[in-house]
Amino acid sequence: MINKIIIQKVALISGDICALFLSLVSAKLIVGIFRANDVVIFTTFGFAKLLGMAIIIVFWYQEQYSKRRPVWEELRMQYISIIVFALVHLMLNFLVSHYVI
């Protein structure tokens, strides 16, 4: 029988991956509504997909999926990671396209 801890880890990681792709699809739909004349291609969110997966890997490295810490400690770690990745995303987006979407 599969260990309960392994099932919890897989469920948490799968939930994060599903939330990542659901947010990207909903962002594509919202951008498509406001840019009715333009065709929105899913590859425009290339950096977001890569950085979203990188955040999940960093959370795994920080043992967010296995260790239970106080809520404030987990939130602090998550906010720092997300802020760093948001800044990296903005920087890469600016360097590649010379404007921020």
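Preceding block: the structure.
Every value quoted in this text rests on a predicted model; they were computed, and no experiment measured them. (Residues numbered from 1 in each chain as written. Predicted model: local features only at pLDDT ≥ 70, side-chain atom pairs only at ≥ 80, totals over all residues. Heavy atoms only, no water.)

Asks: How would you sum up the pattern of salt bridges? Please name residues and give values.
Replies: Two side chains that carry opposite charge are able to pair once their charged atoms sit near each other. Counted under the stated rule, the structure contains 3 salt bridges. E74 is paired through a salt bridge with R68; the nearest N and O atoms lie 3.8 Å apart. Between E73 and R76 there is a salt bridge whose closest N-O contact spans 2.7 Å. Taken together, the residues E73 and R76, both in helix α3 (residues 71–97) and 3 residues apart, mark about one turn of the helix. Note on E73: relative accessible area 30%, which makes it partly exposed. (Salt bridge = Lys/Arg side-chain N within 4 Å of Asp/Glu carboxyl O. Helix = DSSP H or I, 4+ residues; strand = E, 2+ residues; numbered from the N terminus. Buried < 20%, exposed > 50% of the residue type's maximum accessible area, 1.4 Å probe, protein only.)

Asks: Which residues make up α3, and what values go with them?
Replies: Three- or four-residue spacings in an α-helix give side chains the same orientation, since the helix completes a turn every 3.6 residues. Helix length check: α3 (27 residues) gives 38 Å between terminal C-alpha atoms against 39 Å at 1.5 Å per residue, within 8%. Every buried residue of α3 is listed here: E74, M77, S81, F85 and N93. (Expected span 1.5 Å × (residues − 1).)

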